[in-house]
Amino acid sequence: MQAAKNSCKIKVDNLSAWYGSYHVLEDVYMEIYPRSITGLIGPSGCGKSTFLRCLNRLNDLIKSFRSEGAVDFEGENIYERDVDVVLVRRKIGMVFQQPNPFPMSVYDNVAFGVREHNRQVKKIDLDEIVKQSLERANLWDEVKDKLNHSGLSLSGGQQQRLCIARVLAVMPEVILLDEPCSSLDPVSTAKIEELLLQLKNSYTVVVVTHNLGQARRVSDYLGFFLNGKLVEYDTAFGVINNPREKSTGDYLAGNFG
Amino acid sequence: MANINRNLTGHAACWFSGVLTLTICLSIIVFLIIKGANVISWQFLTENPQPSLQEALSGGILIPIIGTILLVGLGTLFAFPWALATAIYLSEYGGDNQWVNSLRAGIDVLAGVPTIVFAIFGLAIFTHPGLSYFSTMVEGVANAKAFGRSFLVSAFTMAMMVLPFVTKSMEEAIRAVPQTYKEAAYAIGISKWRTIYKVVLPAATTGIITGIILGVGRIAGDTAIVWLCLGGSMSMTGPQPWWIPQNWLDTMQNTGSTLTSYVYYSSPAGEGNSPNKAFGAGLVLIIIILALNSLVDYLGKFTRVKEG
């Protein structure tokens, strides 16, 4: 545990955030470790999704958004003035609550980011990257015969795995997932969870979830948010079996949520 | 019971208005067909107009048809990039501030300006000798002056005239692209401009095409700008033959004729004496515009099916 702490991938230091005058995050401190799954739980409106979107600066899209504090990615604060946000997002990819494939073919959905980042990429290399990414997302066998079909023609679960493949194709180091299973059926959910457990062997994974069972099944570390504060953060085992705060215990017991 | 009566009255009023609109629209078309269909023949469509007060000798409408197509093409060429860039700016970059609001207000005002005002404005600008490239120089006058009437001048003025309508329609199309597409692109490290260029615009293509065709219909149907900025000729006034490539630029710098100006100059209400041919030309124009509208409709349906 101590060794892992020294090599944390992302260190969030005293992060506060506002939408206009509404204070959504208060002084969040969190260290996120590589090759592990960090789960974020908490009731609706607690700030966990906002927190996740701070990690790749996707909140920049919202006009009234403002933040203070630092998010150090490999020792560099991504909120510094001279940081190239586009480059940051290339290394910290994101998967959303609703599957959102582009209105393009399955192949192009995965190839799009690669082509954009390397305009000279050869067709043969691109084919390989697309295949590998789809394999890693456990989708290849289901779509290999319909790479030219529209991404929108796939089922919800397949679309979500396509979105994961799209992120994997640009070779990020961190993958953020914002309630990736909330719109999926149990079978698709199980497939995504299995996939997350595979992904943590090579990536840093941060997943926001509403589903306590899911948090229990996949997380190595678990953070509990309440009213914009990170109330408790520890190993998943520790948080679940031995919560330090009363509110964490109450939430896990289902007393509110 | 009272409620039902009120409902019935409302129904009847709406129904009546709808039928009235449809009737007016159909009457114009039927009227044109009755008056104009009998002059439409292969000859009418493929012969040039001749200056004659005798209807039988006044020729056909080939040059006006070509003029209409040329003007629509050039006008669209000017209007398309201009409107698209404005629409992208308004929907993606402008945000919501004082400057953007005044730009929007300006566009709304532009939409309400009568086309004859655009025409005078275009003429006033393009008679400036420094802009003689767009038309020709007037020879033999003391003060240097450009003629200010040509296909290029009319096309540019037409572009100004359709700009607000085309921009609005394109802006709506761009705004309708789901935010989730943009987020997806940003989340894999695509820059804002590349996201617009590669994700947003392709997703908005149908709406953008609808905007273009809307502009095309308006350009094809406008008369005031043609009247002032293209002049009163029935033929191409540039070097002849006007259609050989060496003369293309000259043809565009000179004046010509369109179906709308033909209708004016050949009808007795205007300056001619060929009422039947005026109706014929009007019918051809209406057919061209209706065809364009059907195309819009078809494209609209096509998208709905694709998304559904």
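Source: prediction; values computed, not measured.

**Here's the deal with the overall build of chain B**
Summing up its helical and strand segments, chain B has 13 helices and zero strands in all. Listing the helices and strands of chain B from first to last along the sequence gives α-α-α-α-α-α-α-α-α-α-α-α-α. Dimensions along the principal axes, computed over C-alpha positions, put chain B at roughly 65 × 60 × 35 Å. By residue count, 38% of the 308 residues in chain B fall in the buried class. Contacts in chain B between residues at least 24 apart in sequence constitute 70% of all its contacts with a sequence separation of at least 6.

**Remarks on the nonpolar core**
Membership of the largest hydrophobic core comes to 138 residues, with the highest contact counts inside it found for Ala165(A), Val167(A), Ile175(A), Leu176(A) and Val206(A). Ranked by residue count, the leading element in this core is helix α6 (residues 151-175) of chain B, at 15 residues. When neighbours within four sequence positions are excluded, Ile175(A) is seen to be in contact with Gly93(A), Val95(A), Val167(A), Leu199(A), Tyr203(A) and Val205(A).

**Points about helix α9 (residues 205-221) of chain B**
Taking 1.5 Å per residue, 17 residues should reach 24 Å; α9(B) reaches 25 Å between its end C-alpha atoms and fits that length. Along α9(B), the residues classified as buried are Gly207(B), Thr210(B), Gly211(B), Ile212(B), Gly215(B), Val216(B), Gly217(B), Ile219(B) and Ala220(B).

**Side note on the domain arrangement of chain B**
Residues and elements named next belong to chain B. By domain assignment, chain B separates into domain 1 (1-39) and domain 2 (41-307). Computed over C-alpha atoms, the centres of domain 1 and domain 2 are 31 Å apart. Of the residues that constitute the side of domain 1 that touches domain 2, the class distribution is five nonpolar, one polar and one charged.

**Structural notes on the pairing of strand β7 (residues 174-178) of chain A**
All names here are of chain A. Burial analysis of β7 places five of its five residues in the buried class, the great majority of the element. Of the two faces of β7, the one carrying Val-174, Leu-176 and Asp-178 and the one carrying Ile-175 and Leu-177 are both buried. By the bridge criterion, four bridges tie strand β6 (residues 92-95) to β7 in an arrangement that is parallel. Within the sheet, the bridge partner assigned to Met-94 lies in β7 and is Leu-176. The pairing of β7 with strand β8 (residues 204-208) spans five bridges and is classified as parallel.

**Quick look at the packing of helix α5 (residues 123-136) of chain A against helix α7 (residues 156-169) of chain A**
Residues and elements named next belong to chain A. One way to put it is that α5 packs onto α7 with a least axis distance of 8 Å and a crossing angle of 130°. Classified by the angle between their axes, α5 and α7 sit oblique to one another. In terms of crossing hand, the pair formed by α5 and α7 is right-handed. On α7, the residues touching Ile-129, Val-130, Ser-133, Leu-134 and Arg-136 of α5 are Ala-165, Leu-168 and Ala-169.

**Regarding the interface of chain B and chain A**
Across the contact, 15 residues belong to chain B and 20 residues belong to chain A. Of all elements in the fold, only α7 (179-186) and α8 (192-203) of chain B reach the threshold of two or more residues within the side of chain B that touches chain A. Take the side of chain B that touches chain A: its biggest share by element is five residues, from α7(B). Classifying every residue of the side of chain B that touches chain A gives eight nonpolar, four polar and three charged.

**So, α7(B)**
Restricting attention to buried positions, one finds in α7(B) the residues Lys182(B), Ala184(B), Ala185(B) and Tyr186(B). For α7(B), the elements touching its buried residues are α3 (85-91) of chain A together with α8 of chain B.

**Structural notes on the confidence of the model for chain A**
All names here are of chain A. Taken residue by residue, chain A gives an average pLDDT of 90. The fraction at 70 or more is 98%. Across chain A, element-level confidence peaks in β8 with a mean pLDDT of 94 and bottoms out in helix α1 (residues 2-6) with 48. Segment residues 1-5: pLDDT under 50, and two contacts once partners within four positions in sequence are set aside and those in other chains are kept.

**A few points about the environment of Leu62(B)**
Residue placement: Leu62(B) occurs in helix α3 (residues 62-93). Overall, the presence of 15 C-beta atoms within 10 Å leaves Leu62(B) in the partly exposed class.

**Thoughts on the pairing of strand β2 (residues 22-32) of chain A**
Residues and elements named next belong to chain A. In this structure, strand β1 (residues 10-19) lies alongside β2, joined through seven bridges in antiparallel fashion. From the neighbouring strand, Trp-18 faces β2, where its bridge partner is His-23. Linking β1 back to β2 in an antiparallel pair, the connection comprises two residues, with Gly-20 at a positive phi of about 65°.

The rules behind each value
Residues numbered from 1 in each chain as written. Chains lettered and ligands numbered in written order. Predicted model: local features only at pLDDT ≥ 70, side-chain atom pairs only at ≥ 80, totals over all residues. Helix = DSSP H or I, 4+ residues; strand = E, 2+ residues; numbered from the N terminus. Buried ≥ 20, exposed ≤ 12 C-beta atoms within 10 Å, placed from the backbone. Contact = placed C-beta atoms within 7 Å. Core = buried A, V, L, I, M, F, W, Y, C linked by C-beta atoms within 7 Å. Expected span 1.5 Å × (residues − 1). Domains from an automatic or database assignment. Nonpolar A, V, L, I, M, F, W, Y, C, P; charged D, E, K, R; others polar. Pairing = 2+ DSSP bridges. Axes fitted to C-alpha atoms, helices over the stretch in contact; angles between N-to-C directions. Parallel < 35°, antiparallel > 145°, perpendicular 65-115°, else oblique. Left-handed = near helix turned anticlockwise from the far one by under 90°. pLDDT = per-residue confidence, 0-100.

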